[in-house]
Amino acid sequence: MALISAFVISMVFSELVLVCHSNPICGSGYPEDEIPVYKEDRDYVHFAQNLEFWEAEYFLWASYGYGLDVLAPNLTKGGPPPIGVQKANLDPLIHNIIMEFGNQEIGHLRAIDSIMGGIPRPLLNLSRENIGKIFDAAFEYKLEPPFDPYRDSLSYMLSCYIIPYVGMNGYVGMNPNLKGYASKRLVAGLLGTEAEQDAVIRMYLYERADEIVYPYEYNVANFTARISNLRNELGMCGIKDEGIFVPLELGAENRTESNVISADYYSLAYSRTPREILRIVYTTGNEHMPGGIYPHGANGRIAREFLKQP
């Protein structure tokens, strides 16, 4: 089994171990004489890094008006800059939240790069026209005027409903396949933050569930239901996505239609495989056919292997 040398494990882990050894009160909690990262772990995390790049660029550009090429160019590994992304018209509250999210994503990319080694940033199409097409697909007709995610805070937060949740699904699905203790710690930390980001977005939208999204005739709750339904259809593996209100049979313990947190029958986070995620983020329903946010496909061994297949 090919292994990644412990020498390349991140400074985060190195510093933590140093602190733990120098302070016997704080044990490291990690197994001794175990392998920190397996080669297969790196493939899984690299797959997820594609979504981390999407989140980083989308959040940073919306809040700062620029992204990784200015704030952390070394993390792009020479990958192409995103298409059509821009600063959003955000109110102070959402601006601060999204700026924080963006900087968190830089941290995620640094952690992945330090522990696993990074992949090049894939080409991302974050133009208003491209994101608008996702909303057209969700409503099954062309919205007029076209949906513009950069128009205002509500529009932007509705577009953010698309992102961290899918990444969270991927980390839940990935977790049982990981072997190294450092890999598991990394993914647990990434999963926790993704879930928290998703909860902030969902709570913001939940508080505005009945608000009509100007200039359309649909309210916020309807938008979330449509997007979730689209992801379920594209993923092709049943219900793993729910809007902010659901029928009682899908609510927690079948007792509530409120659905601030999307979860399964046991109120556990839904899991998705790389195949399902690619079908969704490509918006093609086909893991072998790139499109959507990733016009040239995602990077890393797992994603590129799918592109080689018919």
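Per an unreviewed UniProt entry, the protein chain carries the name Desiccation-related protein PCC13-62-like and comes from Datura stramonium.

S.K.: Give a description of the confidence of the model for the protein chain that names residues and reports values.
M.R.: Residues at a pLDDT of 70 or more form 92% of the protein chain, whose mean pLDDT is 93. Here residues 1–12 scores under 50 on pLDDT; set against residues more than four positions off or in separate chains, the count is 21 contacts. Scored below 50 in pLDDT, residues 16–21 shows four contacts in the model against residues more than four places distant or in partner chains.

S.K.: Please set out the pattern of salt bridges residue by residue, giving values where relevant.
M.R.: Charged atoms that come close allow side chains of opposite charge to pair. The tally for this structure, following the rule as stated, stands at 13 salt bridges. Arg-128 serves as the salt-bridge partner of Asp-148, at 3.2 Å between the closest nitrogen and oxygen. In this pair, Asp-148 sits in the loop between α5 (128–139) and α6 (153–160) while Arg-128 sits in helix α5, placing the two residues 20 residues apart along the sequence. Take Asp-148: its relative accessible area is 18%, and that puts it in the buried class.

S.K.: Just give me the short version of the packing of aromatic side chains, but keep the residues and values in it.
M.R.: Following the criterion strictly, the structure yields 15 aromatic pairs and no others. Aromatic side chains Trp-54 and Tyr-294 sit 6.1 Å apart centroid to centroid with 85° between the ring planes, which places their arrangement in the edge-to-face category. With a gap of 240 residues between them, Trp-54 in helix α2 (residues 39–64) and Tyr-294 in the loop between α10 (274–281) and α11 (301–308) connect regions that are remote in the sequence. Assigned by exposure class, Trp-54 and Tyr-294 land together as buried. Seen in terms of ring centroids, Phe-139 and Phe-223 are 4.7 Å apart; in terms of plane orientation they differ by 65°. Their pairing is edge-to-face. Taken as a pair, Phe-139 in helix α5 and Phe-223 in helix α9 (residues 220–235) lie far apart in primary sequence, 84 residues in all. With a relative accessible area of 0%, Phe-223 lands in the buried category. Put simply, the rings of Phe-135, Phe-139, Phe-147, Tyr-216, Tyr-218 and Phe-223 pair up and form one aromatic cluster. Of note, Arg-208 hangs over the ring of Tyr-204, and the distance from its end group to the ring centre comes to 3.7 Å.

S.K.: Can you tell me about the environment of Gln-309, naming the residues and giving the values?
M.R.: Its place among the elements puts Gln-309 in the segment after α11. Of the residues examined, Gln-309 reaches a relative accessible area of 35% and is grouped as partly exposed. Sequence separation between Gln-309 and His-288 is 21 residues; the distance between their C-alpha atoms is 6.4 Å.

Procedures and definitions
- Residues numbered from 1 in each chain as written.
- Predicted model: local features only at pLDDT ≥ 70, side-chain atom pairs only at ≥ 80, totals over all residues.
- Heavy atoms only, no water.
- pLDDT = per-residue confidence, 0-100.
- Contact = heavy atoms within 4.5 Å.
- Salt bridge = Lys/Arg side-chain N within 4 Å of Asp/Glu carboxyl O.
- Helix = DSSP H or I, 4+ residues; strand = E, 2+ residues; numbered from the N terminus.
- Buried < 20%, exposed > 50% of the residue type's maximum accessible area, 1.4 Å probe, protein only.
- Phe/Tyr/Trp six-rings, centres within 6.5 Å; stacked < 30°, edge-to-face > 60°.
- Lys NZ or Arg CZ within 6 Å of the ring centre and 35° of its normal.

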